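Take a look at the letters that make up each chain.
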Amino acid sequence: MSVATAQAEDLNRKFKMMICDDSNIIRRKIERELKIERIEVVATAANGRIAVETFKKNPVDVVTMDITMPEMDGIECVEKLVDIKPDVLILVVSALSDKATAIEALQKGANGFLCKPFTDRQLTEALEELLRGAQ
Amino acid sequence: MMSDLELATFVEGTTRYFEATANQAATVGSPYLVQNGKPTVHEFTGMISIAGKRRGVVYFTAPRPMLTVLLMRMGETELTEENMADLVGEVANTISGNARRDFGKDFMISVPQVVAGDTDRVTTPDNVRSFVIPINWRSHAAQLVVCLE
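Conventions used here
Residues numbered from 1 in each chain as written. Chains lettered and ligands numbered in written order. Predicted model: local features only at pLDDT ≥ 70, side-chain atom pairs only at ≥ 80, totals over all residues. Axes fitted to C-alpha atoms, helices over the stretch in contact; angles between N-to-C directions. Helix = DSSP H or I, 4+ residues; strand = E, 2+ residues; numbered from the N terminus. Parallel < 35°, antiparallel > 145°, perpendicular 65-115°, else oblique. Left-handed = near helix turned anticlockwise from the far one by under 90°. Contact = placed C-beta atoms within 7 Å. Buried ≥ 20, exposed ≤ 12 C-beta atoms within 10 Å, placed from the backbone. Pairing = 2+ DSSP bridges. Nonpolar A, V, L, I, M, F, W, Y, C, P; charged D, E, K, R; others polar.

**Description of the packing of helix H1 (residues 4-22) of chain B against helix H3 (residues 81-98) of chain B**
All names here are of chain B. Running from amino to carboxyl end, H1 crosses H3 at an angle of 130°, the nearest separation of the two axes being 9 Å. Considering their axes alone, H1 and H3 lie oblique with respect to each other. Seen along the crossing, H1 lies across H3 with a hand that is right-handed. Here H1 contributes Phe10, Gly13, Thr14, Arg16 and Tyr17 to the contact with H3, which in turn contributes Val91, Thr94, Ile95 and Asn98.

Structure, rendered in structure tokens:
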């Protein structure tokens, strides 16, 4: 396979995504506002525990992850997902806007951080940045 | 006791929320103190408990018509009781979480607790001064109540 072919395949690669947030309206907002054709939302989870269970059955390529959630928070969940699939791309989408939380999430294996509240444009840009990092 | 600067953090957080979420800024009035431990409470209230270096409660309370329009502005088509309850919790969570930018990581916030209808369940502690931040958005009025030791 030539380098050009491999690059073209990379650009056409489809990504399966899971949205993890305890808020139904945020899960629906992310799904609705997602304007990237290469990403298909295939699963949602209302907390970290459900996300891990879902991920074991269906190890998706991309995850958006809230932090403050019941049962299992997003930081712990990021660590568990990365253990299962080290190359998973995780965008933390959280209201916790202090630097220490963002750094902790990145240290645990997240690839990006988007602060709530966010616009549809900010969401798209953050996810595109995530995908660029995967190529 | 909260300082003016700390209160400003919540005022800015409220303004930012409406701008980003509804693409339409809210007008935030001058904060005032809660009288008699009974702040104004609307049909839906989202409450966040604060622990760590500061302790207290932050809550966002709003009437149904405001939440209906806010959900519509977000593009939500399911204007249900559940989504309105979800929304007040998310507003309180987002504004409280954003406050960590100034308060730091030790400003620990709980998951939202939502009260729908039962206004007697929403109270503020007697021993701590609680501030009301009035929020006017379109023709609707809501309140953010901040009570921190």
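**Digging into the pairing of strand E5 (residues 112-115) of chain A**
Residue and element names in this part refer to chain A. By the alternation rule, side chains of E5 split into Phe113 and Cys115, which are all buried, and Gly112 and Leu114, of which none is buried. Alignment of strand E4 (residues 89-94) against E5, held across 4 bridges, turns out to be parallel. Each bridged residue has a counterpart across the sheet, and for valine 92 the counterpart in E5 is phenylalanine 113.

**Some thoughts on the interface of chain B and chain A**
A common way to report how large an interface is uses the accessible area buried once the components associate. Each partner contributes to the interface: chain B provides 21 residues, whereas chain A provides 22 residues. Elements supplying a minimum of two residues to the side of chain B that touches chain A: H1, H3 and helix H4 (100-103) of chain B. If you tally residues by element for the side of chain B that touches chain A, the top one is H3 of chain B, at 8 residues. In terms of residue class, the side of chain B that touches chain A is built from 6 nonpolar, 8 polar and 7 charged.

**Structural notes on the sheet that holds strand E3 (residues 62-65) of chain A**
All names here are of chain A. Spatially, the 5 strands line up as an open sheet ordered E2-E1-E3-E4-E5, and their pairing is parallel. Each of the sheet's edge strands pairs with one partner strand only, and the pair in question is strand E2 (39-45) and E5. Going from strand to strand, the sheet's axes swing by 20° on average, the running direction of each strand aside. Bridge analysis of strand E1 (residues 15-20) against E3 gives 4 bridges, and the strand direction is parallel. Opposite cysteine 20, over in E3, you have methionine 65 as the bridge partner.

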